[in-house]
Amino acid sequence: ISLFIILIICAYTLLLYNEFNFFSCIVAFLLISKAQNGLMLSGHEALHYSLFKNRRLNDFIGTYVCFASMGLPFLRARAAHLEH
């Protein structure tokens, strides 16, 4: 999960350092896309209680790092996802 946060920080640093150059925007888009995909995959594991063995830590990271960073409700997603 920390790798994905580092990717996002690097993307914004690249944009600010290069003053939103066209090619910097493309690279930043790819970095942030990779980070969001990884956070959603990690969040999916958290939905199944398998991201961390400690349930409180699992739910905290799933809620505030994986899902909240994209504006999604973790508990509602868990309820809908576990129906299948």
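Residues numbered from 1 in each chain as written. Predicted model: local features only at pLDDT ≥ 70, side-chain atom pairs only at ≥ 80, totals over all residues. Heavy atoms only, no water.

Asks: Please set out a nonpolar patch on the surface residue by residue, giving values where relevant.
Replies: Taken together, Phe22, Phe23, Ile26, Phe29 and Leu30 make up a surface patch of nonpolar side chains, about 600 Å² in accessible area. One can find Phe23 in helix H2 (residues 22-47). Taking the relative accessible area as the measure of exposure, Phe23 reaches 61% and is therefore exposed. (Patch = residues over 30% accessible without salt bridge, like charges linked within 9 Å, V, L, I, M, F, W, Y side chains within 5 Å. Areas by Shrake-Rupley, 256 points an atom, 1.4 Å probe, with all protein chains shown as cover. Salt bridge = Lys/Arg side-chain N within 4 Å of Asp/Glu carboxyl O. Helix = DSSP H or I, 4+ residues; strand = E, 2+ residues; numbered from the N terminus. Buried < 20%, exposed > 50% of the residue type's maximum accessible area, 1.4 Å probe, protein only.)

Asks: Which residues make up the nonpolar core, and what values go with them?
Replies: Phe4, Leu7, Ala35, Leu39, Ala46, Leu47, Ile61, Val65, Cys66, Phe67 and Phe74 together form the largest nonpolar core, which totals eleven residues. Where this core is concerned, the elements lending two or more residues are helix H1 (2-17), H2 and helix H3 (55-67). Setting aside anything within four residues of it in sequence, one finds Ile61 in contact with Ile1, Leu51, Phe52 and Cys66. (Core = buried A, V, L, I, M, F, W, Y, C linked by side-chain atoms within 4.5 Å. Contact = heavy atoms within 4.5 Å.)

Asks: How would you summarise H2 if you had to cite specific residues and measurements?
Replies: Between its first and last C-alpha atoms H2 spans 37 Å; for 26 residues at 1.5 Å apiece the expected length is 38 Å, and the two agree. Taken together, the buried positions of H2 are Ser24, Ala28, Ala35, Gly38, Leu39, Ser42, Gly43, Ala46 and Leu47. Of the surrounding secondary structure, the elements contacted by the buried residues of H2 are H1, H3 and helix H4 (74-81). Directly beyond the C-terminal end of H2, a positive phi value near 60° is found at Tyr49. (Expected span 1.5 Å × (residues − 1).)

Asks: Tell me about the environment of His48, and please be specific about residues and values.
Replies: With respect to the element layout, His48 can be found in the loop between H2 and H3. A residue is classified by how much of its surface remains accessible, and His48, at 33% relative accessible area, is partly exposed. As for His48 and His81, which are separated by 33 residues in sequence, their C-alpha atoms are 9.0 Å apart. Beyond its immediate stretch of four places on either side in the chain, His48 contacts His81 and Leu82.

So far we have only geometry, and geometry alone does not tell us how the molecule works.
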